[in-house]
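Below, each chain spelled out in residue letters.
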Amino acid sequence: MPSEQLKFTYFDLRARGEPVRMVLEVAGVPYEDIRLPYETWHQQKIWHKPFHHLPYMEYKGKKYGGLYGKSNLDALRINEVVETCADFITDIYEHTFCVTDDSQRARLREVLLKDVIPMYENYLIRLLQENGSCGHFVGNELTLADLYTYNILDAVLVEDKEAVKSWHKDLRKLRKTVESHPKIHRYIQSRPAVKF
């Protein structure tokens, strides 16, 4: 018999799991937040789960949210932003966690800070401006695109705590807009402190 409560399983990291947690918070969906220690995840028995990797959810099949805009064009823009953020987080990961040599890691971090991050930020800024610089990517309501971008900007701050000082006003406005949502604000105040 499947559990009545939604279970969300991911590492004890923000990374790819945080946007999902934020969506669940905004939707007001009760869920069990299962956080696996990154150092021991390979010992967990996740291989029988969908796609054989994390994150994954177990639920009764009910659709939650309302964070996908009001039209197919809204959904298209949201997909564009979400996929951009997925590429962005992959680049951050590849420039920080996939290298064991310290000198190579330092060189890749420099490339990340000087080239990779600004490239993605500029793209996201342009999309925010196309929506009137209102703090959202689509319309005037919180969407999945806003949550994904908020999460990726958190990842940037992990790599460069001073980055926020040089961010374009539209990126700062998006962060402030997301943080001001009452459910997100409450969640951010209560979530565990993790690095990435």
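Just above, that's the structure.
Every chain begins its residue count from 1, and numbering advances along the sequence as written. Predicted model: local features are reported for residues with pLDDT of at least 70 only, side-chain atom pairs are reported and counted for 80 or more only, and whole-chain, interface and lining totals are derived from all residues. The side-chain values count all of the structure's non-hydrogen atoms but skip hydrogen atoms and water molecules.

Draft legend 1. The arrangement of the side chain of His95 in detail. Numbering of helices and strands starts at the N terminus; helices are DSSP runs of H or I of at least 4 residues and strands are runs of E of at least 2. Note on placement: His95 falls in helix α2 (residues 72–96). With residues up to four places along the chain from it excluded, the contact list for His95 reads Arg105, Leu108, Arg109, Val111, Leu112 and Val116. Only heavy atoms matter for contacts: two residues are in contact if any of them lie within 4.5 Å across the pair.

Draft legend 2. Inspection of the environment of Thr149 at higher detail. Structurally, Thr149 is set in helix α4 (residues 144–159). We classify Thr149 as buried; its relative accessible area is 0%. Between buried and exposed lies partly exposed: a residue is buried under 20% and exposed over 50% of the maximum accessible area for its type, with that area taken using a 1.4 Å probe on protein chains only.

Draft legend 3. The arrangement of the pairing of strand β1 (residues 6–11) in detail. Judged by how many residues are buried, β1 sits mostly within the fold: five of six residues are covered. A pair of strands is labelled paired if DSSP reports no fewer than 2 bridges between them. Here β1 runs beside strand β2 (residues 31–36); their pairing, made up of six bridges, is parallel. Within β2, the residue paired with Lys7 across the bridge is Glu32. Note on handedness: a clockwise path from strand one over the helix to strand two, with the strands aimed away from the viewer, defines a right-handed crossover. Traced from β1 through helix α1 (residues 18–27) to β2, the parallel crossover comes out right-handed. Note that β1 and strand β3 (residues 56–58) share three bridges and pair antiparallel. Bridging across to β3, Lys7 finds its partner in Glu58.

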